[in-house]
Amino acid sequence: IEMTSAAFVGAGQSTPYILGGPWHAGDEVMISMLLKNDGDVAGSANLRIEIDGVITSGDSISLDNGKAGEVKLEFPIMVSGEHLVNWSVVSSDGIVDSNLSGSILIPVLPSQVAVFEIESVSVIENGVEISWLAQLSEGKERSVILKFGAILDGIKGEPIIEERLLMPGTTYGTVN
């Protein structure tokens, strides 16, 4: 029997990449894989995972015959420990190479801890200067939004909002 069909194979590697590590409880994990359509016609495919009994599917990509593209999926892991993730490439309109499924073990560390302290508040000529410090526990850098402001007689003043990239360890700063 001869049929025209999309036929998906791994483009280069037949296992997905795990991106964005190391991971801490509450982080998003991204897995990504390159596929190639070796079939006769266009088709669509996506990445599907099963973790702790929950199945999640990524967005579908459409590939013309002979073309390659990336399937990816981002998902949170809320608990630390080793997590077994079963993955597979699926297609509703094409065939998928039997090598495009398997299991990956993802190590997840405990959540990082961030502690913020105001070291000093000084009245200066043109306002108030606040010296602060932030301590981030061991792990990866984190983007945080710091919001400073005054409350006078229960009325909040205009806040100063600052985005910072905190590295593990201690970061010092001042705001006027």
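Note: the structure precedes this text.
So, a few notes on the structure that sits alongside this text.

**Things to note about the pairing of strand 8 (residues 68-77)**
Every second residue of strand 8 is oriented toward a common face, the buried set being Gly69, Val71, Leu73, Phe75 and Ile77 and the non-buried set Ala68, Glu70, Lys72, Glu74 and Pro76. Of the pairings in the sheet, the one linking strand 4 (residues 27-37) to strand 8 comprises 10 bridges and is antiparallel in character. Bridged to Asp27 within strand 8 is Ile77.

**A few points about the packing of aromatic side chains**
Across all of its chains, the model carries 1 aromatic pair by this definition. Taking the centre distance of 6.3 Å and the plane angle of 40° together, the rings of Trp132 and Phe148 count as tilted. A residue pair is termed long-range when its members are at least 10 positions apart, and Trp132 in strand 13 (residues 127-136) and Phe148 in strand 14 (residues 142-148) qualify at 16 residues. Side by side, Trp132 and Phe148 carry an identical accessibility label, which is buried.

**Re the environment of Gly139**
Mapped onto the fold, Gly139 is located in the loop between strand 13 and strand 14. Placed 22 residues apart in sequence, Gly139 and Ile161 show a C-alpha to C-alpha distance of 25 Å. In this structure Gly139 touches His24, Gln112 and Pro168, once residues within four positions along its chain are discounted.

**Digging into the nonpolar core**
Core analysis: the biggest nonpolar cluster contains 24 residues, and Leu35, Ile49, Phe75, Trp87, Val89 and Ile106 have the highest contact counts within it. Looking at this core, the elements that each hand over two or more residues are strand 1 (6-10), strand 4, strand 5 (43-51), strand 7 (61-63), strand 8, strand 9 (81-90) and strand 11 (101-109). Those residues in contact with Leu35, other than ones at most four positions away along the chain, are Phe8, Val9, Ala11, Ala45, Leu63, Lys67, Ala68, Gly69, Val71, Val89 and Leu100. Listed in part, the 9 residues of the second largest apolar core include Trp132, Ala134, Leu146 and Leu166.

**With respect to a nonpolar patch on the surface**
A cluster of nonpolar side chains, namely Ile118, Val121, Val123 and Val128, defines an oily patch on the protein surface of about 410 Å² accessible area. Per element, the largest residue contribution to the nonpolar patch is 3 residues, and it comes from strand 12 (residues 114-124). On the secondary structure map, Ile118 appears in strand 12.

**Some words on the side chain of Asn46**
Here Asn46 is to be found in strand 5. Taking the relative accessible area as the measure of exposure, Asn46 reaches 11% and is therefore buried. Polar side-chain contacts of Asn46 include one of 3.3 Å to the backbone oxygen of Gly58. Residues within four places of Asn46 in sequence aside, it is in contact with Ser57, Gly58, Asp59, Ser60, Val71, Ser88, Val89 and Val90.

So, how was this worked out
- Residues numbered from 1 in each chain as written.
- Predicted model: local features only at pLDDT ≥ 70, side-chain atom pairs only at ≥ 80, totals over all residues.
- Heavy atoms only, no water.
- Buried < 20%, exposed > 50% of the residue type's maximum accessible area, 1.4 Å probe, protein only.
- Helix = DSSP H or I, 4+ residues; strand = E, 2+ residues; numbered from the N terminus.
- Pairing = 2+ DSSP bridges.
- Phe/Tyr/Trp six-rings, centres within 6.5 Å; stacked < 30°, edge-to-face > 60°.
- Contact = heavy atoms within 4.5 Å.
- Core = buried A, V, L, I, M, F, W, Y, C linked by side-chain atoms within 4.5 Å.
- Patch = residues over 30% accessible without salt bridge, like charges linked within 9 Å, V, L, I, M, F, W, Y side chains within 5 Å.
- Areas by Shrake-Rupley, 256 points an atom, 1.4 Å probe, with all protein chains shown as cover.
- Salt bridge = Lys/Arg side-chain N within 4 Å of Asp/Glu carboxyl O.
- Polar contact = N/O pair within 3.5 Å; in protein donor to acceptor, adjacent residues only side chain to side chain.

Structural measurements only, silent on function.
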